[in-house]
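For reference, the chains in residue letters:
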Amino acid sequence: MSGGNGFTFAVFAVLVALTGWILVRASRRVKTADHFWAAGRSITGTQNGVAMTGDFLGAATLLGSVGLILLFGFDGALYSVGWLVGFVAVLFFVGERLRNAGRYTISDALTIRLGQRPIRSVIAANTLLISVLLLVTQLLGAGILLKALVGVDYRLAVIITAVAFLAYVVIGGMVSVTLLQIVKATMLGGITLVVAVWVLAKSSFDPGQLLSRAAAHSPDGERYLEPGLFLTNTVNTVSLGIALVLGVAGLPNLLMRFFTVPDKGAARRSVGWAVVFIGVLYLLTFVIGLGARGFLTSGEVTGAGPAGNLAAPELVQHLGGGAGSWGGKLFLAVFAAVAFATALAYVAGVVITAASAASHDIYANVIRRGEVSERSEILVARLTTLGIAIVGVLLAFAVENKNIVFLAGFVYALSASTNFPVLMLALGWRRFSTTGALVGVATGVVTALVLTVLSPDVWPGDTSPVGLTNPAIVSVPLAFIACWLGSVLWPNAGDARRYAQLSVRAATGLGAERATS
Amino acid sequence: MPDVETSRAPVEDTTIAGVDWDAIERDPAYHELLAMRRRYIVPAAIVCFAAYFGFLVLAVNAPHALGSRISGGFTVGHLLMGCIFLVVWAVVWGYTRVATRQWDPQAARVIAAAEAAGAIDRTPESPSRAPGVEQVVPVGEISDAAPTSSRARREPAR
């Protein structure tokens, strides 16, 4: 794939001007902590649904799923289906109940009944861990993408991305992050729709014909149209499914979105719209992946890389007229800009979540015990954002040229084994105690980590000690058992007494935080 | 960089005092609200998750059966995958519908009953410190936003 060209420069200039304008507009509206962390709770359900789509779809997710379909056909789509089902878990088990009871972070809701300092420390540390892992995978993706499409050095690309998200988070907080997500999701949806419709047009708008053509061009032939090219083991597949579905329901950057809407109705409408947008986008990526398989030349398929991550840009260039052509260059430049905006908005959402954990939970509520002004809480948030950016950039440098595909599965397993059990039990089980939550989170983190290290994807030797490729099928039940055992062995009368307040507030919305602008 | 208001309001405990939560929890109307939620969520979650995990198990164990052609390259497996999308959209649509039509009015009834029974303590002498109560009034409405400075009356930090 060719490097930079005049079009790339022009398209990126337009992107920078557009997002810069958003930034300036947003910064005027950031006046209080409610604005900085929750965009004044003034985002409508529809807007938040679009923003949630942006928060959920990173560049790596999107390019990755097109690549998976190029390589594995049917099985490549199973990840996307799992994530979509995960939104049902978000809506049913967390969504509006978290919106009703919380203020800026998950801990704000949990500590209505559980111990302030231990819970905030542990949940915030876990949020930071999940956020940094998500940040590194996305920075790596952005670096590789900019290197391939624009021709800048990997490290420079990572730094450019980091400086850009720093500007967004530090200056405009959640207001600008939300606007950025909406712009990104719209651009992403637009380009995905155009490419998918183009592919369908080349197949006479007959999915059957597109699928036949893809199978005919696949080295796997008929098997491209049936399961079995990627996922072959029942236990591993179900384990991955559990991680994807329940992991979504514990993902901190997604859950923070719920605090930006005015009420529970808007919270559930957000999920409703997000499920529609994300579902349609996934269907479009399936079409694009099949198009890449059916229409790319063998040279172009090689250019898509061993994991197929550059399949989408290769297809875009092919549709524009091929490498070196006028149309190919223009399309590639537009695609590169959209992909960059996608990665940028995603990391901005992740970083503001990490900053909320570090500043609102750890600094304001654990270290200063709540005796802190909003002004200094936001100042600390801006400083920690800088710190998180530096850590992310250094880690992204360290993982250059390393295959970290397993990280995505691990992050979802981690989220499913920590935040999900704690949220479920805090909202639904009266005898759940602070100690139970701490024991549960520790068990979830340790089990997920150890099983991942011992798994075939990570273990350096030929035969790994554990055959399980994703830990969720073991770590999620163990985390629940540990929560139960910890609560039974170390019960807390206060935690149980305050259960009424959390459950009534979560179910009725009584006393819920309201919009401020 | 925009300046943040010099609010000295401490960022503190998120619990709200002045409401008799236990009394609300004992209210049969509240039990009915929880039962209404369960009546939709439990069966819908079972259907949705059973469909997804059943599909996964089927995909791994009967790949060739799912590879049977329907039209062109469109197979039984693709059809089933499409059904999962439809199930997800259906249960999410059903949830938003039943939540708005049944649960929200029931939640409003629970809150109104609690107010009538005196379980929610209005403190007129310090209105700015009891928005946990003010916030009750416009259930599901956002028209009259409270000023930022008015925080709920908090219990002392534990």
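Residues numbered from 1 in each chain as written. Chains lettered and ligands numbered in written order. Predicted model: local features only at pLDDT ≥ 70, side-chain atom pairs only at ≥ 80, totals over all residues. Heavy atoms only, no water.

The next point concerns unusual backbone geometry. Residue and element names in this part refer to chain A. In this structure, A39 is a non-glycine residue whose phi angle is positive, near 50°. If you trace the backbone, A39 turns up in the loop between α2 (33–38) and α3 (45–56). For R41, which is not glycine, the phi torsion reads 55° and is therefore positive. On the secondary structure map, R41 appears in the loop between α2 and α3. (Helix = DSSP H or I, 4+ residues; strand = E, 2+ residues; numbered from the N terminus.)

What follows covers helix α15 (residues 326–367) of chain A. Residue and element names in this part refer to chain A. Under the 1.5 Å per step criterion, the end-to-end length of α15 is 58 Å for 42 residues, consistent within 8% with the ideal 62 Å. Taking burial as the measure, the 42 residues of α15 include 35 buried ones, the bulk of the element. Following α15 by one or two positions, R369 adopts a phi angle in the positive range, close to 50°. (Expected span 1.5 Å × (residues − 1). Buried < 20%, exposed > 50% of the residue type's maximum accessible area, 1.4 Å probe, protein only.)

This brings us to the side chain of S359 of chain A. By the element assignment, S359 of chain A lies in helix α15. Each residue touching S359 of chain A, except ones within four places of it in the same chain, is listed here: W37, A364, E377, V380, A381 and T384 of chain A. (Contact = heavy atoms within 4.5 Å.)

Overall, the coordinates contain 14 salt bridges over all chains when judged by the stated rule. Put simply, R120 of chain A and D361 of chain A hold a salt bridge, and the shortest N to O gap is 2.7 Å. Taken as a pair, R120 of chain A in helix α7 (residues 116–149) and D361 of chain A in helix α15 lie far apart in primary sequence, 241 residues in all. Look at R120 of chain A and you get buried, because its relative accessible area is 0%. The network of salt bridges with common partners includes E96, K264 and R268 of chain A together with R37 and D104 of chain B. (Salt bridge = Lys/Arg side-chain N within 4 Å of Asp/Glu carboxyl O.)

By size, the foremost hydrophobic cluster in this structure holds 215 residues, and its most contacted members are F56, F87, F92 and F165 of chain A. Not counting the four nearest positions on each side in its chain, F87 of chain A is found in contact with M52, F56, V248, L254, V271, A274, V275 and I278 of chain A. (Core = buried A, V, L, I, M, F, W, Y, C linked by side-chain atoms within 4.5 Å.)

Residue and element names in this part refer to chain A. Here helix α14 (residues 311–320) lies mainly inside the structure; nine of its 10 residues are buried. Residues A311, A312, P313, E314, L315, V316, Q317, L319 and G320 constitute the buried set of α14. Residues of α14 that are buried sit in contact with α4 (59–72), α7, α8 (154–202), α12 (264–295), α13 (298–303) and α15. Of the residues one or two after α14, G321 is the one with positive phi, at around 130°.

Our focus in this paragraph is the interface of chain B and chain A. If you look at the interface, chain B gives 82 residues, while chain A gives 87 residues. Roughly 7,400 Å² of surface becomes buried between chain B and chain A when both sides are summed, with 65% attributable to carbon and sulfur atoms. Of the charged contacts, one joins E222 of chain A and R69 of chain B as a salt bridge, the two residues approaching to 2.5 Å between their closest N and O atoms. Those elements that place two or more of their residues in the side of chain B that touches chain A are α1 (21–26), α2 (28–61), α3 (63–66), β1 (69–71), β2 (74–75) and α4 (76–116) of chain B. It is α2 of chain B that contributes the most residues to the side of chain B that touches chain A, 18 residues altogether. (Buried area = accessible area lost by both parts, 1.4 Å probe.)

This part is about a nonpolar patch on the surface. Residues and elements named next belong to chain A. Together, V474, L478, I481, W484, L485, V488, L489 and W490 make up an exposed nonpolar region whose accessible area comes to about 720 Å². Mapped onto the secondary structure, L489 falls in helix α20 (residues 472–489). Judged by its relative accessible area of 53%, L489 falls in the exposed class. (Patch = residues over 30% accessible without salt bridge, like charges linked within 9 Å, V, L, I, M, F, W, Y side chains within 5 Å. Areas by Shrake-Rupley, 256 points an atom, 1.4 Å probe, with all protein chains shown as cover.)

Quick look at empty space enclosed by the protein now. Residue and element names in this part refer to chain A. The full count for this structure, using the stated rule, is 11 cavities of 30 Å³ or more. By volume, the second largest cavity amounts to about 150 Å³. Along the wall of the second largest cavity there are 16 residues; nearest its centre are L62, L188, I191, T192 and F335. Mapped by element, the contributors of at least two residues to the lining of the second largest cavity are α4, α8, α12, α14 and α15. (1 Å grid on protein atoms, 1.4 Å probe; cavity = no way out; pocket = protein on both sides within 12 Å on 5 of 7 lines; lining within 4 Å. Points joined across faces, edges and corners; volume = space filled by probe spheres on them.)

Residue and element names in this part refer to chain B. Averaged over all residues, the pLDDT of chain B is 76; the fraction at 70 or higher stands at 68%. A low-confidence stretch, residues 1–11 (pLDDT under 50), is modelled with 34 contacts involving residues beyond four sequence positions or located in other chains. For the stretch residues 124–158, pLDDT sits under 50, and the model shows 79 contacts to residues farther than four places along the chain or on other chains. (pLDDT = per-residue confidence, 0-100.)

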